[in-house]
Amino acid sequence: MTRTPADSESQPTPCESAHTRREAKVLPALTRQLTPKMRVFRSIPQRDLRMIGPWCFLDHFGPVAPTDYQQFDVPPHPHIGLQTITWLLSGQLLHHDSLGYEQALRANELNLMTAGKGISHAEVAAQHVTDPLHGLQLWAALPPAAETTNACFDHYKNLPSFAVGECQATLIMGEYQAGQRRQISPARQFHPIFAMQLKSPRVAVGELQLNAEHEYGLYVVEGRLDTLNQTVERHELLFLGAGRSEVTLELAADTVVLVLGGEAFEQPVLMWWNFVSANAAQIRQAQEQWNAGHERFGNVQRYKGERLLAPELPAGTKLKNE
């Protein structure tokens, strides 16, 4: 999906790790209106938390009734310097991109788009939808060495599924090790990264194993989570920082939690609209080239309609590391 022009600050937002913090802190999501019928809940970036490992963006949307999202339509828009992850709990979307991919996405499947040096895509509702649309959109910043990698798209229908205590886990990205058991997601990655969904149809307790050198956050999609003397409700994120090797979780009945983590970046990255880069000049160039129709971003040929334009940088704007 795309950020709206209203989300774009007068300067690109520096997104940097808070991995020196270890205290557990609950952060409520911010609300944004994506379409007249769809509001999103944004946990990162916000003032108190810009990144978790390589993760620099987390939006939670829905549930939206089928009649209200059957006309859902996000026109072609560009990305650089990141991977987009779309994860549905229910409903169905169609992905179209400038590489020629047209891919349906259903619940518990993963659409993973690597923007690299440049790609454009559109997202629309599938035809004859019958289930509410409910899901998550995440962005993971690419490390500087991979920022100019070739764009690619991957769809994963089957991901590792296993138990974490009394919880059911789905490993979306990265790897998870408990004792001698090691689970590895097939999802393409460029930096140590972790994403896992935990579900509990009934009250459940689980001991979550962590990499003490990485930082983590727990986002409650549905239900309630209790851990580290904190109660975390729906649309709230518990930032754990780094330095923990395990944490005991208590999930209420009908709870869904997204666990995010990874190795912190040594240097901050910048975010402007849908562009992420460690280099401000790359963001300025991407904004100018997209609005000029440069071939760098290709065309989403299957989409019938106008593309979105990038918001203009104010005249005289000096980006922070130019």
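If you're wondering where the values come from, they're calculated on a predicted model, not measured in any experiment.

Cut-offs and rules
Residues numbered from 1 in each chain as written. Predicted model: local features only at pLDDT ≥ 70, side-chain atom pairs only at ≥ 80, totals over all residues. Heavy atoms only, no water. Helix = DSSP H or I, 4+ residues; strand = E, 2+ residues; numbered from the N terminus. Expected span 1.5 Å × (residues − 1). Buried < 20%, exposed > 50% of the residue type's maximum accessible area, 1.4 Å probe, protein only. Contact = heavy atoms within 4.5 Å. Pairing = 2+ DSSP bridges. Axes fitted to C-alpha atoms, helices over the stretch in contact; angles between N-to-C directions. Core = buried A, V, L, I, M, F, W, Y, C linked by side-chain atoms within 4.5 Å.

**Quick notes on helix 2 (residues 280-291)**
Helical periodicity: at 3.6 residues per turn, an α-helix aligns residues three or four positions apart in one direction.
Part 1 of the reasoning: Taking 1.5 Å of rise per residue, the 12 residues of helix 2 would be expected to cover 16 Å, and the 17 Å separating its terminal C-alpha atoms lies within 8% of that figure.
Part 2 of the reasoning: Every buried residue of helix 2 is listed here: Ala280, Ile283, Ala286, Gln287, Gln289 and Trp290.
Part 3 of the reasoning: The secondary structure elements touched by the buried residues of helix 2 are strand 6 (73-79), strand 11 (119-125), strand 26 (269-272) and strand 27 (275-277).
Part 4 of the reasoning: Where helix 2 terminates, the next one or two residues include Gly293, which has phi positive at roughly 75°.

**Some words on the sheet that holds strand 21 (residues 224-227)**
Part 1 of the reasoning: The strand order across the open sheet built from four strands is 19-24-21-22, with neighbouring strands paired in antiparallel fashion. Looking at strand neighbours, the two that pair on one side only are strand 19 (204-209) and strand 22 (230-233), the edges of this open sheet. When strand polarity is set aside, the average angle formed by the axes of neighbouring strands in this sheet is 25°.
Part 2 of the reasoning: The pairing of strand 21 with strand 22 spans four bridges and is classified as antiparallel. Looking at the pairing, Arg224 lines up with Glu233 of strand 22.

**Some words on unusual backbone geometry**
Part 1 of the reasoning: Pro45 follows Ile44 through a cis peptide bond whose omega is 0°.
Part 2 of the reasoning: Looking at where Pro45 falls in the secondary structure, it is placed in the loop between strand 4 (38-44) and strand 5 (55-64).
Part 3 of the reasoning: In the segment running from Gly62 into Pro63, the intervening peptide bond is cis, with an omega of 0°.
Part 4 of the reasoning: We note that His235 has phi near 70°; this positive angle belongs to a residue other than glycine.
Part 5 of the reasoning: Position of His235 relative to the elements: it lies in the loop between strand 22 and strand 23 (236-241).

**Structural notes on the nonpolar core**
Proteins that are soluble and globular tend to have nonpolar side chains buried together.
Part 1 of the reasoning: In this structure, Trp55, Leu58, Leu110, Met173 and Leu258 are the most contacted members of the largest nonpolar core, which totals 29 residues.
Part 2 of the reasoning: Once you skip the residues sitting within four places of it in the chain, Met173 turns out to touch Trp55, Gln83, Ile85, Leu112, Ser185, Ala187, Arg188, Gln189, Ile193, Phe194 and Ala195.
Part 3 of the reasoning: By size, the runner-up hydrophobic cluster in this structure holds 25 residues, among which are Ala24, Ala204, Leu249 and Val259.

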